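Reading the structure
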Amino acid sequence: MRACVPLIVAMLCGLAWAADEDLNEPEPFLELEEETEGAPSSNLYSAPNSCQGRCLEAFDKHHPCHCNARCPEFGNCCEDFESLCGHEGFSHSSDAITKGELQSISEKIYRADTNKAQKEDIVLNSQNRISPSETADQVDHCPEPLFTYVNKKLFSKPTYAAFINLLNNYQRATGHGEHFTAEQLAEQDTFLQEVMKTAVMKELYSFLHQQNRYSSKQEFVKDLKNMWFGLYSRGKEEGDSSGFEHVFSGEVKKGKVTGFHNWIRFYMQEKEGLVDYYSHIYDGPWDSYPDVLAMQFNWDGYYKQVGSAFIGSSPEFEFALYSLCFIARPGKVCQLSLGGHPLAIQTYTWNKSTYGNGKKYIATAYVVSSTH
């Protein structure tokens, strides 16, 4: 993919940058998610008077009380901080994950992704780039498919094969409950088993273990299964969605595509004639895979105004980065570094239901910015 110099095209809905923000930080490009439109994340996805689901979240001056590692020093913790967060071993400042640590571990994960596509494995035809003001027009500016060629040998790798097996287990329309067979539930376990064998996920677990987030791999895998595959309700039907379905497979709600941030899913749907690539507004600075593309497309009659996706990454790479950011910066912008280039990921928690001891499910996760 060719490098380009991105511009600030829009502020992410509900995201306010601090006045003293480092100007060298990645700049957000527009990424419309149905869950976040028109509602500040602090109001929609967190309980500002409680630490439920907020342990070690980043400081937010708009909250009346806090749950970060340093709140005991400042005497501004929520009343339930000790009961909800203290027992987890996160109540000391030494346990807080810093921006520098996030950038360091993301670079290690980047280097560990040996299953990623090589340059010769993918021929991409990104065609026409449009301006941000044109993304709502729903005009097809690209007559040819996005993917000219993909080496299908990639898909025979264990993590790719396990990932692909999961994609047909969901109904894309919200409001229709998901009901998994025993075989489909086993496919979730197989995917987790396969990704945990990779250097990428070993790096992630080692880092989180050192940060006192998980005491064992078994605890880590169990939490991953709950946060990603646990069902909750986005519509009227009980249990109609999950983080994995939303982020990787994609959903349709109120006539719009939501989620759908995975290049493998995109390629496979494009090959079946179900996805029509319209244009892009951003093409990342990386001269090898994985790269990032922010694009417009039609999914079997439903439009995605801006959908960001890694291109050429392994399933475990995306799964690791999104998990890292959700655990370290839930509901916040997570600033990483990949191959020397800054990159930011936004996650949101699902606030309407929980699992375990008040833990939150993943609502969505996606790349919001990058620059060079």
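Right, let's walk through the structure included here.

Parameters and conventions
Residues numbered from 1 in each chain as written. Predicted model: local features only at pLDDT ≥ 70, side-chain atom pairs only at ≥ 80, totals over all residues. Heavy atoms only, no water. Disulfide = S-S within 2.5 Å. Helix = DSSP H or I, 4+ residues; strand = E, 2+ residues; numbered from the N terminus. Buried < 20%, exposed > 50% of the residue type's maximum accessible area, 1.4 Å probe, protein only. Salt bridge = Lys/Arg side-chain N within 4 Å of Asp/Glu carboxyl O. Polar contact = N/O pair within 3.5 Å; in protein donor to acceptor, adjacent residues only side chain to side chain. Contact = heavy atoms within 4.5 Å. Core = buried A, V, L, I, M, F, W, Y, C linked by side-chain atoms within 4.5 Å. Phe/Tyr/Trp six-rings, centres within 6.5 Å; stacked < 30°, edge-to-face > 60°. Lys NZ or Arg CZ within 6 Å of the ring centre and 35° of its normal. Pairing = 2+ DSSP bridges. Axes fitted to C-alpha atoms, helices over the stretch in contact; angles between N-to-C directions. Parallel < 35°, antiparallel > 145°, perpendicular 65-115°, else oblique. Nonpolar A, V, L, I, M, F, W, Y, C, P; charged D, E, K, R; others polar.

All told, the structure shown has three disulfides when counted by the stated rule. Here Cys-65 is linked by a disulfide to Cys-78, with a sulfur-sulfur distance of 2.0 Å. Handedness here is read from the sign of the S-S torsion; for Cys-65 and Cys-78, about 85°, the answer is right-handed. Remark: Cys-78 occurs in the loop between α2 (71-74) and α3 (81-84) and Cys-65 occurs in the loop between α1 (41-44) and α2; sequence separation between them is 13 residues. Each member of the pair, Cys-65 as well as Cys-78, is classed as buried. Through a disulfide, Cys-325 is tied to Cys-334; the S-S separation comes to 2.3 Å. What sets the handedness of the Cys-325 and Cys-334 disulfide is the S-S torsion sign, and at about -70° it is left-handed. Accessibility assignment for this pair places Cys-325 and Cys-334 in one class, buried.

With an omega of 0°, the peptide bond running from Tyr-289 to Pro-290 counts as cis. The backbone of Gln-138 shows a phi angle near 55°, a positive value even though the residue is not glycine. Note that Gln-138 resides in the loop between β1 (122-124) and β2 (147-150). Exposure remark for Gln-138: the relative accessible area of 48% places this residue in the partly exposed category. In this structure, Asp-300 takes a positive phi of about 50° despite not being glycine. Turning to its location among the elements, Asp-300 is positioned in the loop between β6 (291-299) and β7 (302-311).

Turning our eyes to something else, we now look at the pattern of salt bridges. Applying the stated criterion across every chain yields a total of five salt bridges. A salt bridge links Arg-172 to Asp-300; the nearest nitrogen and oxygen atoms lie 3.3 Å apart. With Arg-172 in the loop between α5 (158-167) and α6 (182-196) and Asp-300 in the loop between β6 and β7, the pair connects residues that are 128 residues apart, well separated along the chain. The partly exposed category is assigned to Asp-300, whose relative accessible area is 42%. A salt bridge links Arg-234 to Glu-251; its shortest N-O distance comes to 3.1 Å. Of the two residues, Arg-234 sits in the loop between α8 (217-229) and α9 (243-249) while Glu-251 sits in strand β3 (residues 251-253), which places them 17 residues apart along the sequence. Owing to a relative accessible area of 0%, Glu-251 belongs among the buried residues under this scheme.

Moving on: the side chain of Glu-316. With respect to the secondary-structure elements, Glu-316 resides in helix α11 (residues 315-328). A distance of 2.8 Å separates a polar atom in the side chain of Glu-316 from a polar atom in the side chain of Asn-115. If we skip the residues at most four places from it in the chain, Glu-316 touches Asp-113, Asn-115, Thr-159, Val-195, Thr-198, Val-200 and Met-201.

The subject of this paragraph is the nonpolar core. Counting residues in each nonpolar core, the largest one holds 94 residues, and the members touching the most others are Phe-147, Phe-191, Phe-220, Trp-228, Trp-263 and Phe-310. If one sorts the elements of this core by residue count, α11 sits on top with 10 residues. When near neighbours in sequence (up to four residues on either side) are disregarded, Phe-147 contacts Ile-122, Val-123, Leu-124, Trp-263, Phe-266, Tyr-267, Glu-270 and Ile-311. In terms of nonpolar packing, the next biggest core, distinct from the first, is built from nine residues, Cys-51, Cys-55, Cys-65 and Cys-78 among them.

Tallied over the full model, the rule gives 31 aromatic pairs. Taking 5.6 Å as the distance between ring centres and 85° as the angle between the ring planes, the aromatic pair formed by Tyr-170 and Phe-180 counts as edge-to-face. In this pair, Tyr-170 is assigned in the loop between α5 and α6 and Phe-180 in the loop between α5 and α6, connecting sequence segments 10 residues apart. Plain terms: the ring middles of Tyr-232 and Tyr-361 are 5.4 Å apart, the flat faces sit at 45° to each other, and that makes the pair tilted. Separated by 129 residues along the polypeptide, Tyr-232 in the loop between α8 and α9 and Tyr-361 in strand β10 (residues 359-370) bring together distant segments of the chain. The exposure classification of Tyr-232 matches that of Tyr-361, with both residues buried. These aromatic residues form a ring-pair network of at least three members: Phe-163, Tyr-170, Phe-180, Phe-191, Trp-228, Phe-229, Phe-244, Phe-248, Phe-310, Phe-317, Phe-319 and Tyr-322. Looking at Lys-116, its charged tip hangs above the ring of Tyr-110, at a distance of 5.1 Å from the centre.

In terms of burial, strand β5 (residues 275-283) is largely enclosed, as eight of its nine residues are buried. The sheet contact formed by β5 and β6 spans seven bridges and is antiparallel. Opposite Asp-283, over in β6, you have Leu-293 as the bridge partner.

Two elements in contact, α8 and α11, have axes whose closest approach is 12 Å; the angle formed by their N-to-C orientations is 90°. As the angle between them shows, α8 and α11 are arranged roughly perpendicular. Contacts between α8 and α11 involve Phe-220, Leu-224, Met-227 and Trp-228 on the former and, on the latter, Phe-319, Tyr-322, Ser-323, Phe-326 and Ile-327. A breakdown of the residues in the contact of α8 with α11 according to their chemical character gives eight nonpolar, one polar and no charged.

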